[in-house]
Every structure is written in structure tokens, then in C-alpha cells.
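Observations on the three-dimensional arrangement
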Amino acid sequence: MLLQSAFFAFTLASSVFAQDFSLATVKKAFEKDLVTGNLSMPFHPRVLLEVTFPQTTGWSVTVQAGIHLSRNETAGPPVFRVIGPAGRGPFVVATVDLDAPTPQTRNLSQIRHFLGGNFFIKHSRDHFQKDHLLLTNTTPALSEFQRPTPPANSDPHRYVFLLFKQSKAFKTQTLVTPETSIISFNISTFADAVGLGRPLGGTFMFVAPDPTDPIIE
């Protein structure tokens, strides 16, 4: 029984910590896969943003910068946590697809897959997650999470998650509302317009079309 308990604890810890560990590694991944350049935004992370997708069966899936995940694994909505001295909040979390409709023809990018403010840190009493500070939002998101749906024939898309310190202007901005189109969004322009500054942290994943999708000639 003791051995089984130890194995369970190890498995749980592995599940929780299967994520980004190094700010330098995340920054390097952003540069390697041209995320920084395509965002048109400097990226010098100060904290790690942990993005975890609950699954209907089995362990949750946590994003590592540059990881390839399936559409089923990223149905969401995700859970956000912070590792590092970010402060209490409030924060803004944004998710964009940099590669719509395809990486070769990005004339619909960016697609806004999530934009929410009034996130605050909630400290965990879980021994395995005590350094992984849960973000909870106290108001509805401006753009609720839209699951990745890259079209058939497309190469994998880059879905980027960014954490910002919330500005006073964010509360009163009208550039993005729940009715605003999610197509042709630009997180850099938006961040500048509402005074969000540069991201505190971030990560990203690749998601390819479902192999069962019909091929369009």
C-alpha cells in the first residue's frame, strides 16, 4: 500500500509539473518558432504561465512551449496558473491563433481564442501545486475560449497564451466586446491601445487539423 501511494504521488507530481520550467527555454522557443516576430511584441517573460487542459478521461494535459497537441486534447476551456512573483493581480489573459487560415496564408490572423480580465491569484493548499498559483477571473471573459479548429489541409497552427498585468484602461475599453469579431485581431495593437504593456509570461502550442477531417482539394 505504501508503495502504491508513493507511485500515485509521483504520478500526480509528474502530471502537475509536465510544463514549462525555465523562462529562458520558453523565450528561446518563442524565438525559434517565430512567435515573437509574428506577435510583433517583445517577449521577455518574468513568470511562467501554466496552461492546463482538463480531459474527459485520464490526466489533464499541460502545455509546454512548442508542444504539439491534438484538437481533442485542447477542447478546453483551459485552467491558468502562474509560477513566479507576478503579484496578486488583476491580470489579463489572451489567446491568439497566429496562423489562420493556414501558416502559409495568414490573412485572417490573428484569431482571438480567448480574452479575459480581472484574473486574480488564488493560493493553493495542495502540496504538489503550492508554487503553481491558480488564476481565477471574477468577471465574464470578453471573448470566451474557442477551441482550436485548424482547417483540413493546413499545417499545425501556433496557439499563443499571454499573461498581462491589467491596466486601468482595460476596464473601460470598448475595442473588444463579446460581440466583436474574433478575426483579424492584433494582440500587440490591443495591448498598446489599452496600456497592458508587455507580457509578464506566456506559452504556446501547435495544433494540427483532425486527421479524420475531409480533405479539401
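Residues numbered from 1 in each chain as written. Predicted model: local features only at pLDDT ≥ 70, side-chain atom pairs only at ≥ 80, totals over all residues. Heavy atoms only, no water.

Attention now goes to the side chain of threonine 203. Within the fold, threonine 203 resides in strand 9 (residues 201-207). According to the relative accessible area criterion, threonine 203 is buried, its value standing at 0%. A distance of 2.8 Å separates the side chain of threonine 203 from the side chain of aspartate 20, its partner in a polar contact. Not counting chain neighbours up to four residues away, the residues in contact with threonine 203 comprise Asp20, Phe30, Leu49, Val51, Val63, Gln64, Ala65, Tyr159, Val160 and Phe161. (Helix = DSSP H or I, 4+ residues; strand = E, 2+ residues; numbered from the N terminus. Buried < 20%, exposed > 50% of the residue type's maximum accessible area, 1.4 Å probe, protein only. Polar contact = N/O pair within 3.5 Å; in protein donor to acceptor, adjacent residues only side chain to side chain. Contact = heavy atoms within 4.5 Å.)

Below, the discussion takes up the packing of aromatic side chains. Enumeration over the complete set of coordinates arrives at eleven aromatic pairs. With 6.0 Å between their ring centres and 55° between their planes, phenylalanine 53 and phenylalanine 145 make a pair best called tilted. Of the two residues, phenylalanine 53 is situated in strand 1 (residues 48-53) and phenylalanine 145 in the loop between strand 7 (133-137) and strand 8 (157-165); the sequence distance between them amounts to 92 residues. For the pair shown, phenylalanine 53 and phenylalanine 145 are each scored as buried. Between phenylalanine 80 and phenylalanine 114, the aromatic rings sit 5.8 Å apart at their centres with planes inclined by 40°, giving tilted as the arrangement. Taken as a pair, phenylalanine 80 in strand 4 (residues 79-83) and phenylalanine 114 in strand 6 (residues 111-122) lie far apart in primary sequence, 34 residues in all. Judged by relative accessible area, which is 4%, phenylalanine 80 ranks as buried. Owing to a relative accessible area of 6%, phenylalanine 114 belongs among the buried residues under this scheme. Among the aromatic residues, those joined into a ring-pair cluster are Phe53, Phe80, Phe114, Phe119, Phe145 and Phe161. Between arginine 112 and the ring centre of phenylalanine 185, over which it is positioned, the NZ or CZ distance is 4.8 Å. (Phe/Tyr/Trp six-rings, centres within 6.5 Å; stacked < 30°, edge-to-face > 60°. Lys NZ or Arg CZ within 6 Å of the ring centre and 35° of its normal.)

In this section: the pattern of salt bridges. Summed over the entire model, instances satisfying the criterion amount to five salt bridges. Between lysine 27 and glutamate 31 there is a salt bridge; the shortest N-O distance is 3.2 Å. Separated by four residues within a single helix, lysine 27 and glutamate 31 lie in helix 2 (residues 23-32), roughly one turn from each other. Given the relative accessible area of 43%, glutamate 31 is considered partly exposed. For arginine 158, the salt bridge identified is with aspartate 99, shortest N-O distance 2.7 Å. Here the residue arginine 158 occupies a position in strand 8, and aspartate 99 occupies one in the loop between strand 5 (91-97) and strand 6, the gap between them amounting to 59 residues. In this structure, arginine 158 and aspartate 99 share a single accessibility class: buried. (Salt bridge = Lys/Arg side-chain N within 4 Å of Asp/Glu carboxyl O.)

Here we take up the sheet that holds strand 9. Spatial strand order, 2-1-4-7-6-5-8-9-3: nine strands in an open sheet with mixed pairing. With one partner strand each, in any of the chains shown, strand 2 (61-62) and strand 3 (67-69) form the two edges of the open sheet. Across six bridges, strand 5 lies against strand 6 in antiparallel orientation. Looking across to strand 6, one finds that phenylalanine 91 is bridged to phenylalanine 119. With respect to the sheet, helix 2 is in contact with strand 1, strand 8 and strand 9, its orientation differing from that of strand 9 by roughly 50°. Contacting strand 5, strand 6 and strand 8, helix 5 (residues 187-194) crosses the sheet at an angle of about 10° to strand 8. (Pairing = 2+ DSSP bridges. Axes fitted to C-alpha atoms, helices over the stretch in contact; angles between N-to-C directions.)

Okay, the environment of arginine 88 next. On the secondary structure map, arginine 88 appears in the loop between strand 4 and strand 5. Taking relative accessible area as the criterion, arginine 88 reaches 58% and is therefore assigned exposed. Separated by 32 residues in the primary sequence, arginine 88 and phenylalanine 120 have C-alpha atoms spaced 5.8 Å apart. Those residues in contact with arginine 88 that lie beyond four places of it in its chain are Phe119, Phe120 and Ile121.

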